[in-house]
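Structural description and commentary
Next come the chains, spelled out residue by residue.
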Amino acid sequence: MEEQITLSENSNNTVKVDYERVLELALEIGVGILSCGGSVSRVETAVDRICRAYGAEEANVAAFPSMIIASARTADGHEHSYMKRVYSTSNNLARLEKYNQLSRDICSNKYPVEQALKMCFELAHSKTRNKWVTIAGASLVSGIYSIFFGGTIADVLPALLVAFVMSLLNEVLSKRSLNAYATTFLLSLVGGVLSVSLCKLLNLIGLPCQCSYVMIGTIMILIPGLLTTNAVRDMFTGDLMSGTFQLLNGVLLAVVIAAGYGVSIFALRPIADFTKGTFTGWYYLIENTTWFRALMLMISGTLGAGAVCLFFNLNLKRIGWALLASVLSLGVYVGMLEAFHYNNDYVFLIVLVPTLFAAILSEFMARKIKIPATIILVPAIIAVVPGSSLYYTMEAIVTPQMATMSAMEWGAICLLTLLSIAVGICTVAVLFHLFLPVKLKFYKKNKIAFLKKAEKFAKAQTEENNQTEQENQDKKD
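Counting restarts for each chain, with residues numbered from 1 along the sequence as it is written. Where local features are concerned, this predicted model is filtered to residues with pLDDT of at least 70; where side-chain atom pairs are given and counted, the filter is 80 or more; whole-chain, interface and lining totals use all residues. Calculation of side-chain values draws on the structure's entire complement of heavy atoms; hydrogens and water are dropped beforehand.

Turning our eyes to something else, we now look at the overall build of the protein chain. Where helices and strands are cited, they refer to DSSP runs of H or I of at least four residues and of E of at least two residues respectively, numbered from the N terminus. The helix and strand tally for the protein chain stands at 18 helices and five strands. Split into buried and exposed, the 477 residues of the protein chain put 50% on the buried side. Note on areas: Shrake-Rupley with a 1.4 Å probe; residue coverage comes only from the protein chains shown. Summing over all exposed atoms, the protein chain offers an accessible surface of approximately 22500 Å²; the carbon and sulfur share of this is 62%. Only protein chains enter the calculation, and the probe is 1.4 Å; a residue is then buried if its accessible area is under 20% of its type maximum, exposed if over 50%, and partly exposed in between.

Glancing now at the packing of aromatic side chains. Pairs were defined over the aromatic rings of Phe, Tyr and Trp, the Trp ring being its six-membered one, requiring ring centres within 6.5 Å. Orientation was assigned from the angle between planes: stacked under 30 degrees, edge-to-face over 60, tilted for the rest. All told, the structure shown has eight aromatic pairs when counted by the stated rule. Pairing Tyr145 with Phe148 gives two aromatic rings, centres 5.5 Å apart and planes at 70 degrees, and the pair type is edge-to-face. One end of the pair, Tyr145, and the other, Phe148, are both in helix H5 (residues 131-148), three residues apart, so they sit about a helical turn from each other. Of the two residues, Tyr145 and Phe148, neither departs from the other in class, the shared state being buried.

Think of a salt bridge as a Lys or Arg side-chain nitrogen and an Asp or Glu carboxyl oxygen that are within 4 Å of each other. Inspection of every chain in the model, using the stated rule, returns eight salt bridges. For the salt bridge of Glu114 with Arg21, the shortest nitrogen-to-oxygen distance reads 2.8 Å. Of this pair, Glu114 sits in helix H4 (residues 113-124) while Arg21 sits in helix H1 (residues 19-35), and the two are 93 residues apart along the sequence. According to the relative accessible area criterion, Glu114 is partly exposed, its value standing at 35%. According to the relative accessible area criterion, Arg21 is partly exposed, its value standing at 25%.

The next subject is the packing of helix H12 (residues 290-311) against helix H13 (residues 316-339). For helices, the fitted line uses only the C-alpha atoms of the stretch in contact; every axis is such a line through C-alpha atoms, and the angle between N-to-C directions lies from 0 to 180 degrees. Between H12 and H13, the least distance of the axes is 9 Å, while the angle of their chain directions is 150 degrees. By the angle between their directions, the pair H12 and H13 is classed as roughly antiparallel. Along this stretch, H12 crosses H13, giving a crossing that reads as right-handed. Contact residues: Thr290, Arg293, Ala294, Leu297, Met298, Gly301, Thr302, Ala305, Gly306 and Cys309 in H12; Ile319, Ala322, Leu323, Ser326, Val327, Leu330, Gly331, Val334, Leu337 and Glu338 in H13. Nonpolar residues are Ala, Val, Leu, Ile, Met, Phe, Trp, Tyr, Cys and Pro. Charged residues are Asp, Glu, Lys and Arg, and all others, Gly as well, are polar. When its residues are assigned to classes, the contact of H12 with H13 shows twelve nonpolar, six polar and two charged. Convention used here: angles under 35 degrees read as roughly parallel, angles over 145 as roughly antiparallel, angles from 65 to 115 as roughly perpendicular, and any remaining angle as oblique. In a left-handed crossing the near helix is turned counterclockwise from the far helix by less than a right angle, and in a right-handed crossing that turn is clockwise. What makes two residues a contact is simply this: any of their non-hydrogen atoms within 4.5 Å.

Turning next to H5. Taking 1.5 Å as the rise per residue, H5 with 18 residues should run 26 Å; its terminal C-alpha atoms sit 26 Å apart, in good agreement. With 13 of 18 residues buried, H5 is to be regarded as a mostly interior element. At the N-terminal boundary of H5, the capping side chain belongs to Asn130, with an oxygen 3.0 Å from the backbone nitrogen of Trp132. Each residue after the first adds 1.5 Å to the expected span of a helix. Within 3.5 Å is the distance limit for a polar contact, defined as a pair of N or O atoms, with the added protein rule that one can donate a hydrogen and the other accept it, and that residues adjacent in sequence qualify only through two side-chain atoms.

Moving on to the pairing of strand S4 (residues 67-73). By definition, two strands form a pair when at least two bridges between them are found by DSSP. Inspection of the sheet shows strand S3 (residues 58-64) paired to S4 by seven bridges, in the antiparallel sense. Each residue of the ladder has a partner; that of Val61, found in S4, is Ala70. A loop of two residues connects S3 with S4, the two strands running antiparallel in sequence. Note that S4 and strand S5 (residues 79-85) share seven bridges and pair antiparallel. Paired with Arg73 across the strands is Glu79, a residue of S5. The antiparallel pairing of S4 with S5 creates a hairpin that spans five residues between the two strands, and Gly77 there sits at a positive phi of about 95 degrees.

Locating Thr183 in the fold gives a position in helix H7 (residues 180-204). Residue classification places Thr183 among the buried positions, given a relative accessible area of 11%. Not counting residues within four places of it along the chain, the set of residues in contact with Thr183 comprises Asn170, Leu173 and Leu178.

Attention now moves to the packing of helix H8 (residues 211-219) against helix H16 (residues 387-398). Two elements in contact, H8 and H16, have axes whose closest approach is 9 Å; the angle formed by their N-to-C orientations is 125 degrees. Classified by the angle between their axes, H8 and H16 sit oblique to one another. Where H8 crosses over H16, the handedness of that crossing is right-handed. For the pair formed by H8 and H16, the contact residues are Ser212, Tyr213, Met215, Ile216 and Ile219 on the first element and Gly387, Ser388, Leu390, Tyr391 and Tyr392 on the second. For the contact of H8 with H16, a count of residues per class yields seven nonpolar, three polar and no charged.

With that settled, consider the sheet that holds S3. Here we have three strands laid out as an open sheet, ordered S3-S4-S5, and antiparallel in their pairing. Each edge of the open sheet is held by one strand with a lone partner, namely S3 and S5. Adjacent strand axes in the sheet meet at a mean angle of 10 degrees, parallel and antiparallel pairs treated alike. Along the sheet face, H1 touches S3, S4 and S5 and points at about 30 degrees away from the line of S5. Sheet strands touched by helix H2 (residues 40-53): S3 and S4. Its angle to S3, the strand with the most contacts, is close to 155 degrees.

Given below as structure tokens:
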């Protein structure tokens, strides 16, 4: 339904706005943000601003991980509503940035509704992700973090190969109608079986690799770090229901990951026993010194952050910013590890300080280059994600004779790490929201500019329609 909107208080100029199309546009962008890994709070903010940018007096939005519902009320009292489902999500930070920029441009009244819808549809169907770059990034993440968490060069090859197969399988499963839990369980099961089997084979030919470090590396590409980050952020910004749902989803996915790897270890215990304890990680290869451990962690952590940027399909222009934040945050993390002598009794504080630093840095960088803070934050905190403690918890449950500590102790470390990350991110998000809110200059409607652009676009559309009608008439004659 079209409404006549007056675009200047001192003028009789009006333009027709179809609020059904406005809501369709707003929700298309909202679905795009959610499907690329954006947070629920960002979706609700974007939909609200777009509706108001086109003249709505009031907009009400309720976004959930699988659905967005919105309504808009015009100046004459008419109510319009729209609902749209979200069927799948991915970690595509480059497309997330493009949706965010399109939302900002729309709120600046750069495009009429129909033109903005056309651009939104083109973005939704554009190819902003290279499958092979993502697969290569996943393989590198697994290989590099197998070293970061204590493995050796010998563990890199099987981690790379296993992650490569898992990524290919994920591409195939993504085209099927499987839910996230079934897909994650299958990937975890395949990853566990391949890790144990490949390590056994390589051990037989004399290559000293351990399935534990290989599995930890492959777990890093499955852990729902982005989902958990968004969940915690949403909960502390007021979206309690959506945040709780996402957090529960993240916890269930972590349980599914542990179940998949646990089943594989339990089924292949004789092989797992063979590879466990035969060799040691780089921590024990030589008499470690402080500088050596710190150097190894900094090098492998920096390379791992770069691999994460590829895996999450980060825009090439933003990789430099993400790596800068990652290196600085990693330096703080390594400093905390050295200060507390790698003592797990202080894991909460060891993780909290670098998380706070990374979150603050991400907020400032995001405002500087006008992108979502998530794009910088994810690579910056990947090193503190509890991939190793999740594996050791699962290992202690399935094969307690192989564990260095009990399942309860490893589980507590894993939960404390997650809690520390959540507290750090939320603390910074709340403080920035209270004391340094975003200055939404683009949010103020320039109604005269909108009128000119709307009239220009309508005139072009009319001329195009007239030309088409004339051509059809000529053909008939």
